[in-house]
Amino acid sequence: MAAHNPLSAKIVAETDGFDAIWASGFELSASYAVPDASIVSPSIHLETTRAMGEVQDLPTIADLDTGFGNAINLAYAIPRYQAAGVAAVVIEDKTFPKDSSLRIDGRQSLVSIYEFRGKIAAAKDLGSMLVIARTEALIAGLGQEEALKRALAYADAGADAILIHSKQKAPDEMISFCRAWPRNGVPLVVVPTSYPQLSFEEISRLTDGKVRLIICGNHSIRATVAAMRHTFRQIVQDNGIAGVEGQIAPVSDVFALQGDAVMRKMEKKYLPEPSAP
Ligand code: SPV
Ligand code: MG
C-alpha cells in the first residue's frame, strides 16, 4: 500500500493485510501539491522514505523513478537508500526528468535498453536491496513485443523482479504480457490503478500466478484528499465543527499515532518529579 509520509506509512502498517509500504513518488509529489515529474528534490524523497521506515516495521519499497538522472546519479543514490533501510527499489526506464505514467498525454520517452541495463547494474552493485526494474513500454504505447524485449533484457541484467505498468482501462494488455512472460524465476509486479475492477485473487489467477506483488499506487493520498474535502465542506456548510466530530479520528487516536505511549514511558524514566531524589 502506498504512503506519502510517516503517518500514512504507520496507518498502512497497522492495517492487517499489507506486506510492504510503497513509498510512492506520485503520492509524495501530490503531498507537496506538485506534479509527479521529478520535481520533488532527491533530498526530500530520501528523507521522507527514511522517516517512513522509522515509525513502522514493514519493508519499504522505494519508488526511485528514473534514479534521479543517469546510472551515475543512481549509483550515488543507492547507498543512501540502503542506509535509509529500504528493502527494495523500483527504477523505471523513462528518461529523466520523468512524467507521471497516469497523466493523459504525458511525456513518455524511454531510455535505451543499453542505458537502462547500466542502471540495473549500478543498483545491484552498490546495494543489497531487491531491484525491481519497471518497463514503461506499454505506457509509452510501444506494444507487448517491445515490453517483453526490455523486460527480458532487464532480467538478464540482474533485476530481481519486473514491474509491468499499463494505464489501459481494461487489464488485457497487462494480462497478455504476464501470460507471455517466459521467466518464471523472475516475478512480475503490477500497479492496477487503471484497471481496479480486478481483485487481487483475480490478478494472480489471470496471470498464471506470475504476478507476485500488487502495488496499490495512490490509495493513501486519494483517501486523504477525499476525506479532507468531505470534512472541510461540511464544516463550512454547518458553520461549526460539531457535525464532523463523529466522522473524524479522535484526538486520542492521533496522539497514539504520534507514539504518545512511548513518550510517556520516557517521561517516567527520564523526567523524574522535581521532589524525587
Ligand atoms: C507511483 O505511485 O509513484 C507510481 C505508480 O510510480 S504510478 O503513479 O501509477 O506510475
Ligand atoms: Mg512513481
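Residue numbers restart at each chain and count upward from 1, following the sequence in its written direction. Key to labels: chains lettered from A, ligands numbered from 1, both in the order written. pLDDT decides what is reported in this predicted model: residues at 70 or higher carry local features, side-chain atom pairs at 80 or more are listed and counted, and totals for whole chains, interfaces and linings draw on all residues regardless. Only hydrogens and water are set aside; all other atoms, that is, all heavy atoms of the structure, feed into the side-chain values.

1. Overview of the site of ligand 1
Around ligand 1, the neighbouring residues are W22, S24, G25, F26, D36, D63, S101, L102, R134, H165 and G217. A 3.5 Å cut-off defines polar contacts: any pair of N or O atoms within that distance qualifies, except that in protein one atom must be a possible hydrogen donor and the other a possible acceptor, and neighbouring residues in sequence count only when both atoms are side-chain atoms. A distance of 2.8 Å separates an oxygen atom of ligand 1 from a polar atom in the side chain of H165. Each residue belonging to the shell around ligand 1 can be placed in one class, and the counts come to three nonpolar, five polar and three charged. Throughout, near means a residue has at least one heavy atom within 4 Å of the molecule or strand. Charged means Asp, Glu, Lys or Arg here, nonpolar means Ala, Val, Leu, Ile, Met, Phe, Trp, Tyr, Cys or Pro, and polar covers whatever is left, Gly included.

2. Overview of the sheet that holds strand β5 (residues 130–135)
Strand pairing is assigned whenever DSSP identifies at least 2 bridges connecting the two strands. The secondary structure listing takes helices from DSSP runs of H or I that are at least 4 residues long and strands from runs of E that are at least 2 residues long, numbered from the N terminus. On the basis of which strands lie adjacent, the open sheet formed by eight strands has the order β1-β2-β3-β4-β5-β6-β7-β8 and parallel pairing. Each edge of the sheet is formed by a strand with only one pairing partner; in this case those strands are β1 (2–3) and β8 (211–214). The pairing of strand β3 (residues 60–63) with strand β4 (residues 88–92) spans three bridges and is parallel. Paired with D63 across the strands is V90, a residue of β4.

3. A few points about the domain arrangement of the protein chain
Domains assigned within the protein chain are domain 1 (2–218) and domain 2 (224–270). For domain 1 and domain 2, the distance between their C-alpha centroids amounts to 32 Å. We call two residues in contact whenever any of their non-hydrogen atoms come within 4.5 Å of each other. Facing the five residues of domain 1 at the interface are four residues of domain 2. For the domain 1 and domain 2 pair, buried surface summed over both sides reaches about 300 Å², with 64% attributable to carbon and sulfur atoms. The buried area of a pairing is the accessible area, by a 1.4 Å probe, that goes missing from both parts when the two are put together, added over both. Together, H4, L7 and K10 form the three largest contributors to the area buried by domain 1 at its contact with domain 2, with a combined 76%. At the boundary of domain 1 with domain 2, the tally comes to one residue pair in polar contact (both at pLDDT 80 or more). Residue composition of the side of domain 1 that touches domain 2, grouped by class: two nonpolar, one polar and two charged. Either an automatic procedure or a domain database provided the assignment from which the domain bounds are taken.

4. Overview of helix α6 (residues 143–156)
With 14 residues, α6 should reach 20 Å at 1.5 Å per residue; the first-to-last C-alpha distance of 20 Å fits that figure. A simple rule labels every residue: compare its accessible area, found with a 1.4 Å probe on the protein chains alone, to the largest value its type can have, and call it buried under 20%, exposed over 50%, or partly exposed in between. Taken together, the buried positions of α6 are E146, A147, L148, R150, A151, A153, Y154 and A155. Lining the buried residues of α6 we find α5 (113–126), β5, β6 (161–164) and α7 (172–180). Trailing α6 by a residue or two, G158 shows a phi angle of about 115°, which is positive. Expected helix span is given by 1.5 Å per residue-to-residue step, counting one fewer step than there are residues.

5. Describing the pairing of β3
Neither face of β3 is left uncovered, since the one carrying T60 and A62 and the one carrying I61 and D63 both have all their residues buried. A clockwise path from the first strand over the helix to the second, with the strands pointing away from the viewer, defines a right-handed crossover. Each parallel crossover has a hand, and the one from β3 via helix α4 (residues 71–83) to β4 is right-handed.

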